[in-house]
Amino acid sequence: MGRVVARSDSGAAAVEFALISVVLFTLLFGIIQYGFYFFQATSVASFTSQAGRLAAVRDSCTAWQDDLDALADAGGASGRVSEVNVTGPASRGDLLTVTVEWEPTAMGVVPLPSADVNRQANVVRTERLGGISDAGCRWSP
């Protein structure tokens, strides 16, 4: 009969640790990425709300654009926002629609629900006469 050679289990622990850590790190970075995505979405929703409020009370496109510049300088989602549009009639009490286009920043670990350009909209009632014209206004950071 031949000799019986005892096998060592010293490498098995390292392989198991590597397999488990790949799964755990993927979950960890996925949680971080989705948390950052939801932070961006909430930030843009707040920016859209503020842009709508400013559009409702301003009396011209240039005043509204200046206010959005100041809001962006204060850190209001400007790094992610690509364009803001306001459309609607300018008579007092009419509705204006503010649409914000934004692109989420992806870390590339797991796919995002929507990695393309997203749109966030807000509808506001105008409070001033002679505000945003029927042609609307556009702002880009």
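Since the model is a prediction, treat every value here as computed from it, not as a measurement. (Residues numbered from 1 in each chain as written. Predicted model: local features only at pLDDT ≥ 70, side-chain atom pairs only at ≥ 80, totals over all residues. Heavy atoms only, no water.)

Any details on the environment of proline 111? Residues and values, ideally.
Its location among the elements puts proline 111 in the loop between β2 (95-102) and β3 (118-125). Residue classification places proline 111 among the exposed positions, given a relative accessible area of 67%. Note: C-alpha distance between proline 111 and tyrosine 34 (77 residues apart in sequence) is 9.3 Å. (Helix = DSSP H or I, 4+ residues; strand = E, 2+ residues; numbered from the N terminus. Buried < 20%, exposed > 50% of the residue type's maximum accessible area, 1.4 Å probe, protein only.)

Quick rundown of the side chain of glutamate 101? Include the residues and the values.
Locating glutamate 101 in the fold gives a position in strand β2. By relative accessible area, glutamate 101 is classed as buried at 17%.

Explain the packing of aromatic side chains to me, and be specific about the residues and the numbers.
Following the criterion strictly, the structure yields five aromatic pairs and no others. Between the aromatic rings of tyrosine 37 and phenylalanine 38, the centroid separation amounts to 5.5 Å while the plane-to-plane angle is 65°, which identifies the pairing as edge-to-face. Judged by relative accessible area, which is 9%, tyrosine 37 ranks as buried. Residue class for phenylalanine 38 comes out partly exposed when judged on its relative accessible area of 48%. Ring pairs connect the aromatic residues Tyr34, Tyr37, Phe38 and Trp102, which therefore count as one cluster. (Phe/Tyr/Trp six-rings, centres within 6.5 Å; stacked < 30°, edge-to-face > 60°.)

Please provide a residue-by-residue account of a nonpolar patch on the surface, values included.
Judged by side-chain polarity, Phe25, Leu28, Phe29, Ile32, Phe36, Phe39, Met107 and Val109 come together as a nonpolar surface patch covering roughly 720 Å² of accessible area. Inspection of the secondary structure assignment puts isoleucine 32 in helix α1 (residues 10-57). We classify isoleucine 32 as partly exposed; its relative accessible area is 40%. (Patch = residues over 30% accessible without salt bridge, like charges linked within 9 Å, V, L, I, M, F, W, Y side chains within 5 Å. Areas by Shrake-Rupley, 256 points an atom, 1.4 Å probe, with all protein chains shown as cover. Salt bridge = Lys/Arg side-chain N within 4 Å of Asp/Glu carboxyl O.)

Please set out the nonpolar core residue by residue, giving values where relevant.
Phe47, Trp64, Leu68, Val84 and Trp139 are the most contacted members of the largest nonpolar core, which totals 22 residues. Of all elements in the fold, only α1, α2 (61-73), β1 (81-87), β2 and β4 (137-139) reach the threshold of two or more residues within this core. Ranked by residue count, the leading element in this core is α1, at seven residues. The residues touching valine 84, leaving out its near neighbours within four places in the chain, are Phe47, Ala51, Trp64, Leu68, Val98, Thr99, Val100, Cys137, Arg138 and Trp139. (Core = buried A, V, L, I, M, F, W, Y, C linked by side-chain atoms within 4.5 Å. Contact = heavy atoms within 4.5 Å.)

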